[in-house]
Amino acid sequence: MKPYELTIAQAREQLASGGLTSRELTQSCLDRVAAVDGKIKAFLTVTSEQALEQADEADRLRTRGAVAPLCGIPLSVKDLICTKGITTTCGSRMLENFVPPYDATVIQRLKDQGVVILGKVAMDEFAMGSSSENCAFQVPENPWKSGFVSGGSSGGSAASVAALECPASLGSDTGGSIRQPASLCGVVGMKPTYGLVSRYGLVAFASSLDQIGPLTRVVSDCALLMDGICGYDPLDSTSVQRPPAPLMAALTEGVRGMRVGVPKEYFGAGLDPEVQAVVNRGIEALKDAGATIIDISLPYTDYCVAVYYLIATAEASSNLARYDGVGYGFRAPKADSLLEMYRETRSLGFGPEVKRRILIGTYALSAGYYDAYYKKASQVRTLILEDFKRAFGLCDILISPVVPTPAWKIGEMADDPLSVYLSDILTISANLAGIPGMSVPGGFSRQGLPIGIQLQGPHFREDVLIRAGYTLERGLNLPPQRPPMD
Ligand code: GLN
């Protein structure tokens, strides 16, 4: 096996035994990026020099004694997580030249553990989208099929992991943006419970929904990376103080006696039969491993898309007000007055989808409409949370599809934003309720496109997701990932 093909767990073993250095591993990933990224277009910035320096430092640390489990492991990072001294564009012209003067807490934590940052990866502008086609600079392709989307908004993260450019990536999930691209690219992705991973240094889209999380090739790597990024952070006011509960410890505990709920509303009209078949196989695999399968109802599912697209856009309209051409980022070159400067800056700096969201959100928050839209959506959000609370009284975990269909062709949905919004129906309720969710590779369509299986659990029960995810991975026994691009 070439070093770039190794999972984190495999690389870790070889690093520990002295069979591989972090420099060799990092160089192998950089060579892979150089060889395939012209096609995949996942990376916006490759930080080769800095990555090799970090790798050398990790190798030095190792010769001095015990190191953290992630020491010397290279990762890619979604381009909306602030990296000190490295451009962080959020996929937007607005921040094309923005170089953060500080690291996000997750980056600082990983650097402290000796992790190597390979570079920054493409995404939908300000994380708004489901295909990464809203990126202002390039559209990452699905490594499994040329000309198909990698999903979004963390499309570059998923594509870089699936294309074997790196064993793992950090993404963000506001309404499915880790789980959805993970599903479409055949990798593992986890959205943690709201408050478990610090949002400090994550450029805000919708602050009450955003969470950073890992994308990896296998479930055990997801657990390992989660253990590396979780934990209380005084710099994030919504960070929760909880004693650490390492997920790696839960990995092999199995699902015997676990009650697995099947929410009937997630299997409704519009679900591709091939996706349904993959999820059915997942349900069987958990049953074979000793789980009990229970029918569940989440009656408010129908309202999720409407509620999400009011709350997320309202918060976005407020968060994105800071891009006014004054503090940082792009400023329109020609303007005769302050107002004109604001108008020009925002007209030229934002792409069409971001503008659409700002307009919807500003409308929903405006006097006279606030009660009818934002307030009503917030009330229904509580009902959605109560749906989950009732469900988790009856079962330990929910299993479902992640996305109603496999990946689509680049450009195919470009003129139909509403259909794209509707395709988020299965992922956004976890963000509205703040619960953890995970996508685990489940199989492939006849066309050779990956299909994921979603697991959702109660707040702070990532351990149950990891147990079930690992059991699924064993039970489904998919062949090792080898996208046909080589
Ligand atoms: N597709 C959703 C949206 O466009 C989710 C985005 C996300 O999770 N960042 O808003």
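Our subject is the structure listed above.
Here is a short report on the structure shown in this document. These numbers were taken from a predicted model, which means no experiment stands behind them.

About the thresholds
Residues numbered from 1 in each chain as written. Predicted model: local features only at pLDDT ≥ 70, side-chain atom pairs only at ≥ 80, totals over all residues. Heavy atoms only, no water. Phe/Tyr/Trp six-rings, centres within 6.5 Å; stacked < 30°, edge-to-face > 60°. Helix = DSSP H or I, 4+ residues; strand = E, 2+ residues; numbered from the N terminus. Buried < 20%, exposed > 50% of the residue type's maximum accessible area, 1.4 Å probe, protein only. Lys NZ or Arg CZ within 6 Å of the ring centre and 35° of its normal. Disulfide = S-S within 2.5 Å. Near = heavy atom within 4 Å. Polar contact = N/O pair within 3.5 Å; in protein donor to acceptor, adjacent residues only side chain to side chain. Nonpolar A, V, L, I, M, F, W, Y, C, P; charged D, E, K, R; others polar. Patch = residues over 30% accessible without salt bridge, like charges linked within 9 Å, V, L, I, M, F, W, Y side chains within 5 Å. Areas by Shrake-Rupley, 256 points an atom, 1.4 Å probe, with all protein chains shown as cover. Salt bridge = Lys/Arg side-chain N within 4 Å of Asp/Glu carboxyl O. Pairing = 2+ DSSP bridges. Axes fitted to C-alpha atoms, helices over the stretch in contact; angles between N-to-C directions. Contact = heavy atoms within 4.5 Å.

Attention now moves to the packing of aromatic side chains. In the structure shown here, the tally under the stated rule is 15 aromatic pairs. Between Phe126 and Tyr323, the aromatic rings sit 5.0 Å apart at their centres with planes inclined by 45°, giving tilted as the arrangement. In this pair, Phe126 is assigned in the loop between strand S3 (116-121) and helix H5 (155-162) and Tyr323 in the loop between helix H9 (304-319) and helix H10 (338-349), connecting sequence segments 197 residues apart. Accessibility expressed as a relative area gives 2% for Phe126, which makes it buried. Linked through ring pairs, Phe98, Phe126, Tyr323, Tyr328 and Phe350 together constitute an aromatic cluster. For Arg242, the ring lying beneath its charged end belongs to Phe460, and the centroid distance is 4.0 Å.

Here we come to the state of the cysteines. One pass over the full model with this rule turns up zero disulfides. Free cysteine: Cys135, not disulfide-bonded; nearest cysteine sulfur from Cys90 at 10 Å. By relative accessible area, which is 9% here, Cys135 ends up buried. Between Cys222, a cysteine without a disulfide, and Cys230, which holds the nearest cysteine sulfur, the sulfur-to-sulfur distance is 9.7 Å.

Moving on to the site of the ligand. Inspection of the region around the ligand gives 15 residues, with Thr174, Gly175, Ser177, Tyr308 and Arg357 positioned closest. Within the backbone of Gly175, one N or O atom sits 2.6 Å away from an oxygen atom of the ligand. In terms of residue class, the shell around the ligand is built from five nonpolar, seven polar and three charged.

On the surface, Tyr363, Tyr369 and Tyr373 cluster together into a nonpolar patch covering about 290 Å² of accessible area. Structurally, Tyr363 can be placed in helix H11 (residues 352-365). Judged by its relative accessible area of 42%, Tyr363 falls in the partly exposed class.

What follows concerns unusual backbone geometry. Across the junction of Gly152 and Ser153, the peptide omega takes the value 5°, indicating a cis bond. In this fold, Ser153 is placed in the loop between S3 and H5. The phi dihedral of Ser132 falls on the positive side, at around 65°, and the residue is not glycine. Considering the arrangement of structural elements, one finds Ser132 in the loop between S3 and H5. The buried category is assigned to Ser132, whose relative accessible area is 0%. Positive phi values are uncommon outside glycine, yet Leu164 reaches one of about 60°. Position of Leu164 relative to the elements: it lies in the loop between H5 and strand S4 (168-173). For Leu164, a relative accessible area of 2% translates into the label buried.

Here the focus is the sheet that holds strand S6 (residues 211-216). The strand order across the open sheet built from eleven strands is S1-S3-S2-S4-S6-S5-S10-S11-S9-S7-S8, with neighbouring strands paired in mixed fashion. The outermost strands of the open sheet, each flanked by one partner alone, are strand S1 (43-46) and strand S8 (292-296). Averaged over all neighbouring strand pairs, the angle between strand axes comes to 30°, with direction disregarded. Across seven bridges, the pairing between strand S10 (residues 437-444) and strand S11 (residues 450-456) is antiparallel. Among the inter-strand pairings, Met438 is bridged to a residue of S11, identified as Leu455.

When a strand is regular, its side chains alternate between the sheet's two faces. Burial analysis of S4 places six of its six residues in the buried class, the great majority of the element. Here S4 shows no split at all, with Ala168, Leu170 and Ser172 on one side and Ser169, Gly171 and Asp173 on the other all buried. Note that strand S2 (residues 74-78) and S4 share two bridges and pair parallel. Bridge assignment links Ser76 to a residue of S4, and that residue is Ser169.

Another point: the environment of Pro441. Along the chain, the position of Pro441 falls in strand S10. When the C-alpha atoms of Pro441 and Leu209 are compared, they prove to be 24 Å apart, with 232 residues separating the residues in sequence. Here Pro441 is in contact with Gly186, Val187, Val188, Ile451, Gly452, Leu476, Leu478 and Gln481, once residues within four sequence places are set aside.

Our next topic: the environment of Val139. Relative to the helices and strands, Val139 is located in the loop between S3 and H5. Given the relative accessible area of 21%, Val139 is considered partly exposed. Linking Val139 and Val149, residues ten residues apart in sequence, is a C-alpha distance of 7.9 Å. Those residues in contact with Val139, other than ones at most four positions away along the chain, are Ile40, Lys41, Ser132, Glu133 and Ile410.

Once that is clear, we can look at helix H4 (residues 105-112). The complete set of buried residues in H4 reads Thr105, Val106, Ile107 and Leu110. Where the residues of H4 are buried, they touch S2, S3, S4, S6 and helix H7 (219-229). Of the residues trailing H4, Gly114 is marked for its positive phi of about 85°.

Scanning the model with the defined rule gives 19 salt bridges in all. The partner of Glu141 in a salt bridge is Lys39, and the shortest N-O contact between them spans 3.9 Å. With Glu141 in the loop between S3 and H5 and Lys39 in helix H2 (residues 22-40), this residue pair connects regions lying 102 residues apart in the sequence. Since its relative accessible area comes to 41%, Lys39 is described here as partly exposed.

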